[in-house]
Amino acid sequence: GNAGFGMFLYNLFQGIVGALVFSYGLSRLVKRNVCFAIPVCGMLFFGLTPMWGSYVQWFEKDFLFTVFVTLFVILVSEVYFEKKCSSKMLVSLILTGIVMGLLRSNGIYVIVPTMLALCFYVKGIERKKIIASFAIVVVLYVLITKAVYPAFGIGKNSVAEFCDFIRQGIPLAAFGVSESF
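Source: prediction; values computed, not measured.

(A) Inspection of the environment of Arg 32 at higher detail. Its location among the elements puts Arg 32 in the loop between helix H1 (3-31) and helix H2 (37-48). On a C-alpha basis, the gap between Arg 32 and Glu 78 in space is 9.8 Å, while along the polypeptide they are 46 residues apart. Side chain to side chain, Arg 32 and Glu 82 meet in a polar contact 2.9 Å long.

(B) Representation of helix H4 (residues 62-82) in the model. The end-to-end C-alpha separation of H4 is 30 Å, in line with the 30 Å expected for 21 residues at 1.5 Å each. Buried within H4 we find Phe 63, Leu 64, Phe 65, Val 67, Phe 68, Leu 71, Phe 72, Ile 74, Leu 75, Val 76, Glu 78 and Val 79. Lys 83 lies just past H4 and shows a positive phi near 60°.

(C) Quick peek at the packing of H4 against helix H6 (residues 108-121). As a packed pair, H4 and H6 sit with axes 11 Å apart at the nearest point and diverge in direction by 10°. On the basis of their axis angle, the class for H4 and H6 is roughly parallel. Of the residues in H6, those in contact with Phe 72, Val 76, Val 79 and Tyr 80 of H4 are Val 110, Ile 111, Thr 114, Met 115, Leu 118 and Tyr 121. Tallied by class, the residues present in the contact of H4 with H6 amount to 9 nonpolar, 1 polar and no charged.

Parameters at a glance
Residues numbered from 1 in each chain as written. Predicted model: local features only at pLDDT ≥ 70, side-chain atom pairs only at ≥ 80, totals over all residues. Heavy atoms only, no water. Helix = DSSP H or I, 4+ residues; strand = E, 2+ residues; numbered from the N terminus. Polar contact = N/O pair within 3.5 Å; in protein donor to acceptor, adjacent residues only side chain to side chain. Expected span 1.5 Å × (residues − 1). Buried < 20%, exposed > 50% of the residue type's maximum accessible area, 1.4 Å probe, protein only. Axes fitted to C-alpha atoms, helices over the stretch in contact; angles between N-to-C directions. Parallel < 35°, antiparallel > 145°, perpendicular 65-115°, else oblique. Contact = heavy atoms within 4.5 Å. Nonpolar A, V, L, I, M, F, W, Y, C, P; charged D, E, K, R; others polar.

Structure below.
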């Protein structure tokens with residue numbers, strides 16, 4: 001194999017994840033009985049606008065961050081409209097929040113105010129679930145960035161380099177490619 005194949009796999013992964021999340025978002029609009037023209041226009045926008053295809057092919061973590069922010073907004077809006085947080089939703093919020101925090105050092109600043117605002121909106125046991133998910137995300141983020149990163153020698157300003165290492169290393173290691181980018 002070669003390094004180009006690793007890049008192909010990463011771009012394919014980004015494209016599939018992006019398509020799944022954006023499709024999920026559009027399907028949620030249909031489920032909410034939004035005028036059918038809006039999801040159709042959204043689908044045409046994501047499918048036919050050259051920017052999105054180019055964005056997926058950029059070999060960066062920005063597209064994945066955008067995808068996970070989009071997923072986070074979809075999940076938060078589900079809790080907002082349903083006024084309840086199922087166990088599946090709780091796990092989804094936690095995982096999405098952690099990934100957002102790890103993909104970008106400022107990702108946690110999207111999560112914190114959003115989850116706090118959601119805490120004020122929901123009531124009773126649902127509020128406790130949101131607070132618990134918020135606490136888990138923050139604790140895991142702090143644990144990873146303050147304990148795990150330093151244990152692996154990843155400095156405060158090298159989170160992007162760590163993401164680059166993961167981004168480049170996984171496809172290369174999977175196919176035994178010894179050359180670097």
